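Summary of the model geometry
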Amino acid sequence: MSGNREHHLLNIEDETGKRTIPLDAATYSIGRDVTNAIIIHGHGVSRQHALLLRIPSPNGYRYRVVDGNADGKPSANGILVNGQRVQSHELKDGDEINFGGSVKAHYATVSMGEAEFIKYLKSVNYHSIKAVPLTSTITQAEEGGDDKKSAEETQLNATPPPLLANATPESAPAPKSSPPWLLIVGGIVIVLLIAGIGVVMMNRPPAPQPQTPTQMQ
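No experiment lies behind these values; they were computed from the predicted model shown.

**A few points about the overall build of the protein chain**
Of the regular secondary structure elements, the protein chain holds five helices and eleven strands. Among the 217 residues that make up the protein chain, the fraction classed as buried is 27%. Of the roughly 15,400 Å² of accessible surface on the protein chain, 59% is carried by carbon and sulfur atoms.

Given below as structure tokens:
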């Protein structure tokens with residue numbers, strides 16, 4: 001009994017280069033939006049451009065490419081299979097798919113054992129997409145939020161309280177000065193001294209005036 005089984009591949013060529021994606025999930029969304037399972041970049045590619053749907057076949061299963069998103073909204077520039085514009089097409093080995101007029105992909109099937117298939121993937125520009133993209137995107141967003149929150153908490157915890165953060169040698173508390181009551185008493189004494197001097201000066205008798213010759217007679 002042979003251990004070979006049929007494997008399905010999508011060989012993509014877009015603005016980012018060439019890559020090979022093994023297909024085994026029931027559904028793949030294709031487009032330029034990051035929430036798609038298969039992200040493609042090129043002029044004329046819609047955010048959600050097409051779907052790949054796994055359908056049963058006598059030898060196992062095949063994939064059908066469908067223009068548009070899961071809500072039935074068609075892409076802006078459509079898809080071509082082997083040069084013909086289609087809304088839906090059951091793919092066969094060697095079919096060429098064109099998304100929006102700029103991104104090419106080739107659907108291929110190979111019959112290999114698991115070990116041989118893994119070795120084959122290592123020889124090509126293999127890209128794995130094992131996680132469901134929408135779930136993966138949400139999870140990453142949540143994790144990013146947690147990371148951001150954690151970073152903020154760390155920064156908050158690491159920031160010293162304002163009084164400590166602003167404490168510098170220049171703003172450090174000055175040595176204790178004399179008690180306030182000593183300053184008050186000293187001020188009163190000075191005021192009294194000045195007042196006393198003023199009173200003494202006012203009560204002094206006037207200096208005698210020199211007499212003129214007329215007054216002396």
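**With respect to the sheet that holds strand β4 (residues 38-39)**
Taking strand neighbours across the sheet as the criterion, the five strands line up as β4-β3-β5-β6-β9 in an open arrangement whose pairing is mixed. Looking at which strands have only one partner, the edges of the open sheet turn out to be β4 and β9 (88-90). Bridge count for strand β5 (residues 50-57) against strand β6 (residues 60-67) is eight bridges, and the pairing is antiparallel. Within β6, the position partnered with Leu53 by the bridge is Arg64.

**Points about the side chain of Arg19**
With respect to the helices, strands and loops of the structure, Arg19 is situated in strand β2 (residues 17-23). You can call Arg19 buried: its relative accessible area is 10%. Side-chain polar atoms of Arg19 contact the side chain of Thr16, separated by 3.1 Å.

**Details of the packing of aromatic side chains**
On inspection of all chains with the given rule, the structure shows three aromatic pairs. Between Tyr61 and Tyr63, the aromatic rings sit 5.8 Å apart at their centres with planes inclined by 85°, giving edge-to-face as the arrangement. Ring geometry for Phe117 versus Tyr120: centroids 6.4 Å apart, planes at 20°, classification stacked. Placement of the pair is Phe117 and Tyr120 together in helix α1 (residues 114-123), with a separation of three residues, close to one helical turn. Residue class for Tyr120 comes out partly exposed when judged on its relative accessible area of 26%. Put simply, the rings of Tyr28, Tyr61 and Tyr63 pair up and form one aromatic cluster. The aromatic ring of Tyr61 is capped on one face by Arg54, whose charged end is 5.3 Å from the ring centroid.

**Topic: a nonpolar patch on the surface**
Together, Ile184, Ile188 and Leu192 make up a nonpolar patch on the protein surface, roughly 310 Å² of accessible area in all. For Ile184, a relative accessible area of 54% gives the class exposed.

**Digging into the sheet that holds strand β8 (residues 84-86)**
Across the sheet, six strands lie side by side as β2-β1-β11-β10-β7-β8; this open sheet has antiparallel pairing. Either end of the sheet is taken by a strand with one partner, and the two such strands are β2 and β8. Averaged over all neighbouring strand pairs, the angle between strand axes comes to 30°, with direction disregarded. Pairing of strand β7 (residues 79-81) with β8, which is carried by three bridges, proceeds in the antiparallel orientation. Bridge pairing in β8 links Ile79 to Val86. The strands touched by α1 within the sheet are β1 (5-14), β2 and β11 (103-112), with β1 carrying the most contacts at an inclination of about 10°.

**Some remarks on unusual backbone geometry**
A positive phi is found at Asn82, a non-glycine position, where the angle reads about 55°. Assessed through its relative accessible area of 44%, Asn82 is described here as partly exposed.

**With respect to the pairing of β1**
Of the pairings in the sheet, the one linking β1 to β11 comprises nine bridges and is antiparallel in character. Its bridge partner lying in β11, Ile12 is registered against Ala105. As paired strands, β1 and β2 are joined by seven bridges and run antiparallel to one another. Its bridge partner lying in β2, Leu10 is registered against Ile21. Following β1, the chain reverses through two residues before pairing antiparallel with β2.

Definitions and limits used
Residues numbered from 1 in each chain as written. Predicted model: local features only at pLDDT ≥ 70, side-chain atom pairs only at ≥ 80, totals over all residues. Heavy atoms only, no water. Helix = DSSP H or I, 4+ residues; strand = E, 2+ residues; numbered from the N terminus. Buried < 20%, exposed > 50% of the residue type's maximum accessible area, 1.4 Å probe, protein only. Areas by Shrake-Rupley, 256 points an atom, 1.4 Å probe, with all protein chains shown as cover. Pairing = 2+ DSSP bridges. Polar contact = N/O pair within 3.5 Å; in protein donor to acceptor, adjacent residues only side chain to side chain. Phe/Tyr/Trp six-rings, centres within 6.5 Å; stacked < 30°, edge-to-face > 60°. Lys NZ or Arg CZ within 6 Å of the ring centre and 35° of its normal. Patch = residues over 30% accessible without salt bridge, like charges linked within 9 Å, V, L, I, M, F, W, Y side chains within 5 Å. Salt bridge = Lys/Arg side-chain N within 4 Å of Asp/Glu carboxyl O. Axes fitted to C-alpha atoms, helices over the stretch in contact; angles between N-to-C directions. Contact = heavy atoms within 4.5 Å.

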